2 protein chains.
Amino acid sequence: MLTIKEIAERANVSRTTVSRVLNNSGYVSEEAKKRVLQVIEETGYVPSENAKSLRTKKTKVIGVILPKISTETSSRLVKGMDEILAKEGYQILLTNTNLDPEKEIEYLKLLKSRHVDGIILSATNINRPLVEEIYNLKIPFVTVGQTISGLANVIFDDYQATKDMVNFLIQKGHTKIAFIGVDEQDRAVGYLRKKGYLDAMKEKNLQIETSWVQKGVFNVESGYESMRAILLDAAENKPTAVLAVTDRLAIGAMLYLNEAGLSVPDDIALAGMGASELAKFIAPPLTTIDFSIEEAGREAALLILQKISGENYHEVIKTIPYRLVERSSV
Amino acid sequence: MLTIKEIAERANVSRTTVSRVLNNSGYVSEEAKKRVLQVIEETGYVPSENAKSLRTKKTKVIGVILPKISTETSSRLVKGMDEILAKEGYQILLTNTNLDPEKEIEYLKLLKSRHVDGIILSATNINRPLVEEIYNLKIPFVTVGQTISGLANVIFDDYQATKDMVNFLIQKGHTKIAFIGVDEQDRAVGYLRKKGYLDAMKEKNLQIETSWVQKGVFNVESGYESMRAILLDAAENKPTAVLAVTDRLAIGAMLYLNEAGLSVPDDIALAGMGASELAKFIAPPLTTIDFSIEEAGREAALLILQKISGENYHEVIKTIPYRLVERSSV
DNA sequence: TTCCAATGTGAAATCGATTCCATATAAAAA
DNA sequence: TTTTTATATGGAATCGATTTCACATTGGAA
């Protein structure tokens, strides 16, 4: 691999001068500059980012920690980040925890050891040791999807979005509304969305049967099972609408309803959340909430850039706007 | 940021000894080792990968160049790679060309300047200058989806898979089969799949109307338009089956057929390729080819690791097995 | 003519690790 | 007792860049 030293020798200047040409800094005569550029052109020399980083303490790399690497949410998030970061010459170093809390801490250390200029964490559940670790990391940090006080956070209004959706269902004439959620350890999707549902129902004085509220996990099968549970347990008092906290759960529910010979939305209306692609093309197309994940990625990227440049050192909570997407499943 | 020098001072040893403890190399007394580990524990010291890399010439980073960052194929590919690479302590540095050929070369240089230990390129079309650049890169290199001679390549059997699908349609009684492809610049998806279709038809002596063969781009709308074109142009001699080279194109086609009041598969059978999630949940579920993208990612990762360890320096062409997924759209 | 500022250049220190080499000691072999 | 040999340690070079500082040279202002 070619080094700055060799370029200097070939161009008959010092390393200092080559560095000056490379960085457009200090005084360099046109004469010398031309020779250096010439040699660089001929040799295809590319300076070592590594050596550069060691000296300058900047790597132009942003570490991104994802809970799952190949979900639609993750990839849309990364897409949004990349749009902004690439423009500024930053690269993304990906890490994937597979929902393992220990790996979150492990990767935090790893990213630190790699001297990334900033870290963006897309978290599902935040635990004490993780927060501790983050606080004494002293690296520009942004979370997406959950909040950690004192840091920069990009979040979705899970609570209000869910309320909106419930109110939308109510407005459509439904009063018996069931809910398929996930574990409340996940504060955003589990806890806040459930709270939104419960509060919206309470505000309108609507009763909720115990069997209408089910808990699943993040996949289609689980939606199927939850829907079945709702219909079996609530045999005497069936809901006329179901809200699932993710589109995949809703699609699972739809699959069960189809199998059970029930029509959506005539027998039971169905709504999801997340605006996945799936939701658009399924029959009937699914009413859902579009959380603008790419936008969240872009925001997170902008925030981390601000943090890096030192513009913004206090707590930030940036809420990404959402949109209710009305389709024929309701 | 803490350095090895400070650790050495606090533990009352030399930097050399700290390094030995860190890397489990050379002789270190239990005594000294304990002191060093103690100090590291207390301080939370993490050695700088940067400085390390500069000296050792290894970064434990694999650069991945993707044509599009948030497609299902890309994320499944990255997932497969990460499964293998993370286990071996490698990180993934992501770059996204957005199908811009100039960026491919730009990112190649960038990854070189970052001294990644290897590069995996998921390419759609390979042009001369790119190949030139790759050859004189002298970094372990693996391509996915297309072949470059002399290198390690992970590919899909696009040709045979398409033939299989056409034969499957024929076996189901279809003789009038239309085709929705993409630009043949894309050798794998554009050229080879089209060739597979043409050859399979020819082998069975089946005629192809000009209007049955359409060219779209990689999205749903394009499938819609292509299907419409087929039905309008071929008004007098309509096909009874349509094969689209991607599931999204097939789904677009299905959308048009639905709108046109035609039933799938009764009026027209429909098949896609790629086994996207969408295909599973659409109505009717789409017959497609599952190319095992994750497996390709894993294979690419294994190959790059081999290349890095110097085990495998000659050309490799690894073909990933595919599977015809029979669903009710045919 | 003298002095100062602007321009141009390179030697050497620096970043934080690894690694080669020299050296010291204690235990084992001759 | 002398000579190896295994163990233990640290000084200093090294990796490839940037950056500080010192030093020339030149042209214009005083």
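See the structure shown above.
This one's a predicted model, so the numbers in the text were calculated from it and none came from an experiment.

Cut-offs applied
- Residues numbered from 1 in each chain as written.
- Chains lettered and ligands numbered in written order.
- Predicted model: local features only at pLDDT ≥ 70, side-chain atom pairs only at ≥ 80, totals over all residues.
- Heavy atoms only, no water.
- Buried < 20%, exposed > 50% of the residue type's maximum accessible area, 1.4 Å probe, protein only.
- Helix = DSSP H or I, 4+ residues; strand = E, 2+ residues; numbered from the N terminus.
- Arc of directions from axis to C-beta.
- Contact = heavy atoms within 4.5 Å.
- Buried area = accessible area lost by both parts, 1.4 Å probe.
- Salt bridge = Lys/Arg side-chain N within 4 Å of Asp/Glu carboxyl O.
- Polar contact = N/O pair within 3.5 Å; in protein donor to acceptor, adjacent residues only side chain to side chain.
- Nonpolar A, V, L, I, M, F, W, Y, C, P; charged D, E, K, R; others polar.
- Near = heavy atom within 4 Å.
- Least-squares fit on C-alpha atoms with pLDDT ≥ 70 in both.

Draft legend 1. Local environment of helix α4 (residues 49-56) of chain A. Every buried residue belonging to α4 of chain A is among E49, N50 and S53 of chain A, and all of these are buried. All buried residues of α4 of chain A project into a common sector of 100° when viewed along the axis, lining one side. Contacts made by the buried residues of α4 of chain A are with α4 (49-56) and α6 (101-113) of chain B.

Draft legend 2. Broad picture of the interface of chain A and chain B. Residue-level contacts link 44 residues of chain A with 44 residues of chain B. Here chain A meets chain B over a buried area of about 4000 Å², counting both sides, of which 62% is carbon and sulfur. Sorting the residues of chain A by area buried against chain B places N50, R114 and F281 of chain A first, and these three jointly supply 18% of that buried surface. Scanning the region where chain A abuts chain B turns up 2 salt bridges. Where chain A touches chain B, the interface holds 13 residue pairs in polar contact (both at pLDDT 80 or more). Going through the elements one at a time, α4, α5 (72-87), β2 (91-96), α6 (101-113), α11 (247-259) and α12 (277-281) of chain A are the ones with two or more residues in the side of chain A that touches chain B. Of the residues belonging to the side of chain A that touches chain B, the class tally is 21 nonpolar, 13 polar and 10 charged.

Draft legend 3. Inspection of the protein's contact with DNA strand C at higher detail. Taken together, 29 residues lie near DNA strand C, and K57 of chain A together with I4, S19, S48 and R55 of chain B sit nearest. Near the protein, within 4 Å, the atoms of DNA strand C are sugar or phosphate in 56% of cases. Take T16 of chain A: an N or O atom from its side chain is 2.9 Å from a base nitrogen of DNA strand C. Taking S29 of chain A, its main chain carries an N or O atom lying 2.8 Å from a phosphate oxygen of DNA strand C. Going through the elements one at a time, α2 (15-23) and α4 of chain A together with α2 (15-23) and α4 of chain B are the ones with two or more residues in the surface near DNA strand C. Here the residues of the surface near DNA strand C are counted per class, giving 10 nonpolar, 11 polar and 8 charged.

Draft legend 4. Fine view of the relation of the copies chain A and chain B. When chain A is fitted to chain B, the residual RMSD is 0.1 Å, and the transformation amounts to a turn of 180° plus an axial shift of 0.1 Å. These values place the two chain copies in the arrangement generated by a two-fold rotation axis. Both copies share a contact surface, since 100% of the interface residues of chain A are interface residues in chain B too.

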